[in-house]
Amino acid sequence: MSSAESLTKVELPSDQNAGGRTLGHEELALVQDALESGTLTSTKGQFVKRLESEFAMRHGAQHCYASSSGSAALHVAFAAVDPEPGDEIITTPITDMGGLTPILFQGAIPVFADVDYRTCNVTADTIEARLSERTKAIVVTHLFGNPCDMGPIMELARSRSLPVIEDCAQAFEATYGDQRVGTLGDIGCFSLQQGKHITTGEGGLTITSDDEFARRIFLFVNKAWGYGDPKPDHYFLALNYRMNELTGAVAAAQLGKLDQSVAARIEMADLLTSKISDIDGVETPHINPHATHTYWKYCLTIDPTVIEGGAVGLAGKLKELGVFSAPRYIQKPAFECQVFAEQRTFGNSRFPFTEARPEAVNYDRSLFPGAYEGLERILVLPWNERYTAEHVTFIANAIRSCCHS
Ligand SMILES: *Cc1c(COP(=O)(O)O)cnc(C)c1O
């Protein structure tokens with residue numbers, strides 16, 4: 001590699017605008033159909049229904065419900081398992097807050113399991129360490145598109161008869177064994193937010209093959225109104241989380257582009273891996289042999305004893321060459337955020353933390369060695385389906401020149 005090659009800056013496409021997205025005439029045509037139909041609510045329209053049936057079908061799931069965001073798609077899952085106040089839902093401290101606060105809204109306590117520092121994913125062992133008689137469900141988050149090791153996790157969950165909710169917001173089409181994520185556990189949740197594999201700006205999808213969970217999800221999205229029942233009523237506390245038809249139209253068109261988006265992300269990620277895997281101190285993604293990673297982001301693990309300044313130092317050097325990267329991904333484990341650290345919830349009540357076992361809200365640093373080490377070491381590269389070999393070559397050359405200087 002010549003130094004000139006490494007210094008020629010290439011503009012990388014961004015998922016925050018058209019450059020890194022696949023929105024086009026297919027979406028426009030369906031939005032126009034939706035508008036001309038004059039029906040923009042999914043209770044009467046066809047687009048959201050079509051999206052739901054296509055998304056369920058591609059996963060081999062019995063049911064799919066669309067909602068207004070990924071956070072909503074997760075909230076409906078927590079509502080489906082119907083925790084008692086103070087019941088515990090085991091989850092990860094390295095995730096989007098939208099995967100956590102809905103647990104509190106349902107009166108339950110997120111109990112944080114540590115993660116494997118190599119993937120920042122929870123494992124059967126870290127989950128088992130946090131189980132209690134109050135555990136109601138387990139959430140697994142397939143971070144960056146890299147599946148958790150689901151075999152041992154499902155074995156543990158089944159042995160305790162605990163439902164597993166998969167947060168697949170970052171992991172569309174990722175697989176474990178011969179199954180897509182979202183279908184290994186009991187409920188799978190997806191996000192259509194601007195920066196995900198496919199997007200409607202905001203939106204969510206929840207799949208399940210459990211009829212009882214499905215019934216509660218359907219109701220929770222619809223203010224618990226029993227549409228279609230002989231004597232409908234508002235059966236329990238719930239919200240309007242429906243997706244509208246305009247969003248449904250965009251989502252239906254985007255769904256047709258999902259395979260292509262995933263294939264492009266994987267192809268370019270594999271290319272980057274092949275170009276940088278020999279660099280000392282820079283670990284490429286650690287992927288379970290049973291799994292396929294679908295690269296929402298491309299996450300490196302940096303060894304600070306080899307790379308000067310560790311992930312932060314490397315990010316600074318990359319930035320000078322025009323390559324943006326995010327050390328840490330999130331600045332701190334979720335439990336260090338005020339909502340958990342200071343228990344800021346409903347007025348001054350601190351509910352539902354008032355119902356929690358003390359062990360469930362113990363956030364002592366010593367319980368999370370993997371999370372702290374993982375955050376210290378990770379360096380997250382933005383990724384999207386518009387990356388080409390030219391972009392990837394530029395990124396690889398930049399990383400190599402920063403690591404050898
Ligand atoms: C994006 C995301 C969410 C929340 O989705 P929104 O659509 O932003 O509400 C939840 N969990 C994970 C892992 C995410 O990446």
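Residues numbered from 1 in each chain as written. Predicted model: local features only at pLDDT ≥ 70, side-chain atom pairs only at ≥ 80, totals over all residues. Heavy atoms only, no water.

(A) View of the pairing of strand E10 (residues 187–191). Most of E10 is tucked away, with five of its five residues classed as buried. Along E10, one buried face is formed by Ile 187, Cys 189 and Ser 191 and the opposite face, lined by Gly 188 and Phe 190, is buried too. With three bridges joining them, strand E7 (residues 164–167) and E10 adopt parallel strand pairing. Its bridge partner being in E10, Glu 166 is matched across the sheet by Gly 188. Here E10 runs beside strand E11 (residues 204–208); their pairing, made up of five bridges, is antiparallel. By the bridge assignment, Gly 188 is partnered in E11 with Ile 207. (Buried < 20%, exposed > 50% of the residue type's maximum accessible area, 1.4 Å probe, protein only. Helix = DSSP H or I, 4+ residues; strand = E, 2+ residues; numbered from the N terminus. Pairing = 2+ DSSP bridges.)

(B) Spatial organisation of the nonpolar core. Ile 127, Val 140, Met 150 and Phe 340 are the most contacted members of the largest nonpolar core, which has 69 residues in total. At five residues, helix H7 (residues 150–159) tops the list of elements feeding residues into this core. Of all hydrophobic cores here, the second largest spans 30 residues; its members include Ala 269, Ile 279, Tyr 298 and Cys 402. (Core = buried A, V, L, I, M, F, W, Y, C linked by side-chain atoms within 4.5 Å.)

(C) Structural context of empty space enclosed by the protein. Summed over the entire model, instances satisfying the criterion amount to one cavity of 30 Å³ or more. The computed volume of the largest cavity comes to approximately 90 Å³. Arg 118, Thr 119, Cys 120, Phe 144, Asn 146, Thr 284, Pro 285, His 286, His 293, Cys 299, Thr 301 and Ile 378 together form the lining of the largest cavity. Tallied by class, residues from the lining of the largest cavity come to five nonpolar, six polar and one charged. (1 Å grid on protein atoms, 1.4 Å probe; cavity = no way out; pocket = protein on both sides within 12 Å on 5 of 7 lines; lining within 4 Å. Points joined across faces, edges and corners; volume = space filled by probe spheres on them. Nonpolar A, V, L, I, M, F, W, Y, C, P; charged D, E, K, R; others polar.)

(D) Broad picture of the environment of Tyr 241. Within the fold, Tyr 241 resides in the loop between helix H8 (211–221) and helix H9 (245–255). Classification of Tyr 241 as buried rests on a relative accessible area of 16%. Separated by 168 residues in the primary sequence, Tyr 241 and Ala 73 place their C-alpha atoms 8.6 Å from one another. Among the polar contacts made by the side chain of Tyr 241, one reaches the side chain of His 75 at a distance of 2.8 Å. (Polar contact = N/O pair within 3.5 Å; in protein donor to acceptor, adjacent residues only side chain to side chain.)

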